[in-house]
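# Remarks on the overall topology
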Amino acid sequence: EKIRTLATWIPCSKQILDDFTELANFINDSLTYYLALAEELEMLSGDNSGEHLHGVIGQAASFNTALLVPASAGWTYIDVLACAIEQLAIAKEISPSFAVLNPVDWWKIRRIKNSLGNYIVGDPSSQAMPRLWDLDIIPTVNMTAGTFLVGSGDPAAIEIRDRMQAQIEVSTSHSDYFVKNLAAVRIEKRLALITKRAAAFIYGTFNSSP
């Protein structure tokens, strides 16, 4: 895999950077957040062109919907994730350690109740990290609603190689920024995402139960 450069930037006035240290710190923090958000999106959905990472979704095995054998009550999103784990076991792949879901789908799962009206997935007052079927649940808006990714964070399956940690630079040389007393604030990092065992990841859609 190639080393890719991920970056984002914002314009601001030079005076603001000089006069307000707190605002400069805020800009640094905000840019770091958006760079991390962009990095996560690239890791999931990058199309491997230009400076885009080779995202996991494009390499993952497709979910085998034939594993969803409808019982009398049909199936839930929880059953779908269980079948994805089963599919990896059948393929003799590395045991998964996480599932990436859209927050909308995760809240649908968390609101499932039993016949007594009790929530199935944990006490609402619990502060525990979200887990399901021994998987760490990673809710993120970078995952399309109605889809999921199940896989392993084991270095034998996937690895992130950081070539350069996030660096912030300020320049007035962009376009006519110098004469306008403007500055371009850019943050960038260089890394490679190496998917060693693409079959150790399952990507699919939450099918409706018949």
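Quantities reported herein were computed from a predicted structural model and do not represent experimental measurements. Each chain carries its own residue numbering, running from 1 in the direction its sequence is written. The predicted nature of this model means local features are confined to residues of pLDDT at least 70 and side-chain atom pairs, given and counted, to a pLDDT of 80 or more, with totals for whole chains, interfaces and linings taken over all residues. Values reported for side chains reflect all heavy atoms of the structure, with hydrogen atoms and water molecules removed beforehand.

## Some points on the packing of aromatic side chains
Classification of ring pairs rests on two measures: the distance between centres of Phe, Tyr or Trp rings, Trp counted by its six-membered ring, which must be within 6.5 Å, and the angle between planes, read as stacked under 30 degrees, edge-to-face over 60 and tilted in between. Within this structure, the stated rule accounts for five aromatic pairs. With a centroid separation of 6.3 Å and 45° between ring planes, the pair formed by Phe-98 and Phe-201 is classed as tilted. Placement of Phe-98 in strand E3 (residues 98–101) and of Phe-201 in the loop between strand E8 (182–195) and strand E9 (202–205) is noted, with a sequence separation of 103 residues between them. Think of it in three bands: with a 1.4 Å probe and only protein chains considered, a residue is buried below 20% of the maximum accessible area for its type, exposed above 50%, and partly exposed in between. For Phe-98, a relative accessible area of 15% puts it in the buried group. Taken together, a centroid distance of 5.1 Å and an interplanar angle of 45° make the contact between Phe-148 and Phe-206 tilted. Note that Phe-148 is positioned in strand E6 (residues 147–151) and Phe-206 in the segment after E9, a separation of 58 residues in sequence. Judged by its relative accessible area of 6%, Phe-206 falls in the buried class. Taken together, the ring pairs connect Phe-63, Tyr-77, Phe-148 and Phe-206 into an aromatic cluster. Only DSSP runs of H or I covering at least 4 residues are called helices, and only runs of E covering at least 2 are called strands; the numbering of each starts at the N terminus.

## Topic: the confidence of the model for the protein
pLDDT measures the predictor's confidence residue by residue and takes values from 0 up to 100. Per-chain confidence: the protein averages 89 in pLDDT, with 98% of residues scoring 70 or above. In the model of the protein, helix H1 (residues 14–19) stands out as the element of lowest mean pLDDT, 77, in contrast to E6, which has the highest, 97.

## Let's talk about the pairing of E9
Strand residues, when the strand is regular, have side chains that alternate between the two faces of the sheet. The alternating pattern of E9 places Ile-202 and Gly-204 on a buried face, while none of Tyr-203 and Thr-205, on the opposite face, is buried. Paired strands, in this sense, are two strands between which DSSP finds at least two bridges. In terms of strand pairing, strand E2 (residues 61–62) meets E9 through two bridges, oriented parallel. What sits directly across from Ser-62, in E9, is Tyr-203. Looking at chain direction, E6 and E9 are connected through four bridges and run antiparallel.

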